[in-house]
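Residue-level structure breakdown
One letter stands for each residue in the lines below.
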Amino acid sequence: MVTADRLETNHTFRLTLKPNRSISWKGNMLFLLLISTPILIIAFGFLYIGAPIILPFAGLEIVIVLIASFYVYQKSNKQEIITISPEKLIIEKGRFRPETSIEFIREWAYVFVEKAKHPWYPIHIVISSKGERVPVGDFLTEDDKKILIEKMDEIIREIRVI
């Protein structure tokens, strides 16, 4: 998902890049509840008839699904924020807060769209300045990458006029 905002200060623009989230954390917990209910009913049924060995494996299965859900949720909370002003271009990457921040002088920064070598491979968007290359939006879908390219093109054209 790509969103573009115009900030009130000095003709500054902010692009926010987020991956598509298939389900929220609340939805993950509901899914875990729906999966674990029949597992626990069956496990306690086996316990009732005298086979308690099933309980640890049922609990292990639920814990594995919980860990996998948490891992996927953490990966889907990735976000990148690109702030473009007439003087600077700032790229912030992180999950719930900026973990890395890279600042370029806007006049020296270039946006490259590297076409895929094969139709199955995705395109790559790279911002480069003074030999440093920073890939952006690797988690975006192809349609979202095209939207990002269009919005960056519009913002750069508008800033050049200023």
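The text that follows walks through the structure, step by step, so that each part is easy to find.

Definitions and limits used
- Residues numbered from 1 in each chain as written.
- Predicted model: local features only at pLDDT ≥ 70, side-chain atom pairs only at ≥ 80, totals over all residues.
- Heavy atoms only, no water.
- Helix = DSSP H or I, 4+ residues; strand = E, 2+ residues; numbered from the N terminus.
- Expected span 1.5 Å × (residues − 1).
- Bend = angle between axes of the 7 residues up to and from the residue.
- Buried < 20%, exposed > 50% of the residue type's maximum accessible area, 1.4 Å probe, protein only.
- Contact = heavy atoms within 4.5 Å.
- Pairing = 2+ DSSP bridges.
- Axes fitted to C-alpha atoms, helices over the stretch in contact; angles between N-to-C directions.
- Phe/Tyr/Trp six-rings, centres within 6.5 Å; stacked < 30°, edge-to-face > 60°.
- Lys NZ or Arg CZ within 6 Å of the ring centre and 35° of its normal.

**Description of helix 1 (residues 25-48)**
Between its first and last C-alpha, helix 1 extends 33 Å over 24 residues, near the 34 Å set by a 1.5 Å rise per residue. Of all the bends found along helix 1, the most pronounced is centred on S36 and spans about 25°, while P38, a proline, follows it within four residues. Among all positions of helix 1, only G27, N28, L32, S36, I39 and A43 are buried. Buried residues belonging to helix 1 abut helix 2 (54-76). Positive backbone phi, at 105°, marks G50, one or two positions downstream of helix 1.

**Describing the environment of A51**
Along the chain, A51 falls in the loop between helix 1 and helix 2. Residues A51 and Y121, 70 residues apart in the sequence, show an inter-C-alpha distance of 51 Å.

**What to know about the sheet that holds strand 6 (residues 110-114)**
Taken in spatial order, the three strands line up as 6-7-8 in an open sheet, and their pairing is antiparallel. Each edge of the sheet is formed by a strand with only one pairing partner; in this case those strands are strand 6 and strand 8 (132-136). Within this sheet the neighbouring strands show an average axis-to-axis angle of 30°, counted without direction. Looking at chain direction, strand 6 and strand 7 (residues 124-129) are connected through five bridges and run antiparallel. Bridging across to strand 7, V113 finds its partner in I125.

**Here we look at the sheet that holds strand 4 (residues 88-94)**
Spatially, 1-2-3-4-5 is the arrangement adopted by the five strands of the open sheet, whose pairing is antiparallel. The open sheet is flanked by strand 1 (2-7) and strand 5 (98-105), the only strands paired with a single partner. Averaged over all pairs of adjacent strands, the angle between their axes in this sheet comes to 15°, without regard to strand direction. By the bridge criterion, six bridges tie strand 1 to strand 2 (residues 12-17) in an arrangement that is antiparallel. Within strand 2, the residue paired with L7 across the bridge is T12. The strands touched by helix 3 (residues 142-161) are strand 1, strand 2 and strand 3 (79-84); relative to strand 2, the strand with the most contacts, the crossing angle is about 175°.

**Some thoughts on the pairing of strand 5**
Looking at chain direction, strand 4 and strand 5 are connected through seven bridges and run antiparallel. Bridge pairing in strand 5 places I91 opposite I102. Between strand 4 and strand 5, which pair antiparallel in sequence order, lie three residues.

**With respect to the packing of aromatic side chains**
Enumeration over the complete set of coordinates arrives at three aromatic pairs. With 5.9 Å between their ring centres and 80° between their planes, W25 and F70 make a pair best called edge-to-face. With W25 in helix 1 and F70 in helix 2, this residue pair connects regions lying 45 residues apart in the sequence. What makes F70 partly exposed here is its relative accessible area of 43%. When the ring of Y110 is compared with that of F112, the centres are 6.4 Å apart and the planes differ by 35°; the resulting orientation is tilted. Under the relative-accessibility criterion, Y110 is labelled exposed at 52%. Ring-pair connections join several aromatic residues into one group, and the members of that group are W25, F70 and Y73. Between K130 and the ring centre of W108, over which it is positioned, the NZ or CZ distance is 5.6 Å.

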